[in-house]
Amino acid sequence: MTIFLMLASVAPLSAASRQIEGPVAAEVVKVIDGDTVLVEAMPWPDHKVSTYVRLRGIDAPELKSKCPAFREAALKAKGELTSLVDGHVTVQLTAISGDKYFGRVVADLTLADGSRPADRLLATGLAEPYAGKQKAKKVCPRGL
């Protein structure tokens, strides 16, 4: 028996550079913070995969920030995201790719009514645009 081994002449892609267009149906299990949710995705019939999804294109303040003003803003962003996804049994994930942190993906999340929570968080000022690069360090406002 002869076994043939084919070697690709291209460099392997990182997980963050590969993308699945979707849509993939998912159920939001829990809102983690203002830009991340835990979902049960349903990529195949009768199969569910639990994964954390960072909403593509936004960055919300961190809940664990040392700055009280940033923590307060993070709670507002989380609350808004919770209210946006509440009541939506199924959401759609598109443009799904790996994240720089293991165990999480980055994706566009669309609700059943066609709206995107990331757009709402940007419009209300509860999140900032984010392209996946290093974030600028912010100074905690004094007197808050």
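Residues numbered from 1 in each chain as written. Predicted model: local features only at pLDDT ≥ 70, side-chain atom pairs only at ≥ 80, totals over all residues. Heavy atoms only, no water.

Draft legend 1. Layout of the overall build of the chain. When helices and strands are counted, the chain shows two helices and eight strands. Ordered by position from the N terminus, the helices and strands of the chain form the series β-β-β-β-β-α-β-β-α-β. Counting only residues that meet the buried cut, the chain has 33% of its 144 residues in that class. Restricting the contact set of the chain to residue pairs at least 6 apart, pairs at least 24 apart contribute 58%. For the chain, the exposed area adds up to about 9,800 Å²; of that, 59% sits on carbon and sulfur atoms. (Helix = DSSP H or I, 4+ residues; strand = E, 2+ residues; numbered from the N terminus. Buried < 20%, exposed > 50% of the residue type's maximum accessible area, 1.4 Å probe, protein only. Contact = heavy atoms within 4.5 Å. Areas by Shrake-Rupley, 256 points an atom, 1.4 Å probe, with all protein chains shown as cover.)

Draft legend 2. Region of interest: the state of the cysteines. For the coordinates displayed, the defined rule picks out one disulfide. Disulfide pairing is shown between Cys-67 and Cys-140; the S-S distance is 2.1 Å. The S-S bond linking Cys-67 to Cys-140 shows a torsion near 70°; that makes this disulfide right-handed. Taken together, the residues Cys-67 in the loop between strand 5 (58-59) and helix 1 (68-85) and Cys-140 in the segment after strand 8 (128-129) connect sequence positions 73 residues apart. (Disulfide = S-S within 2.5 Å.)

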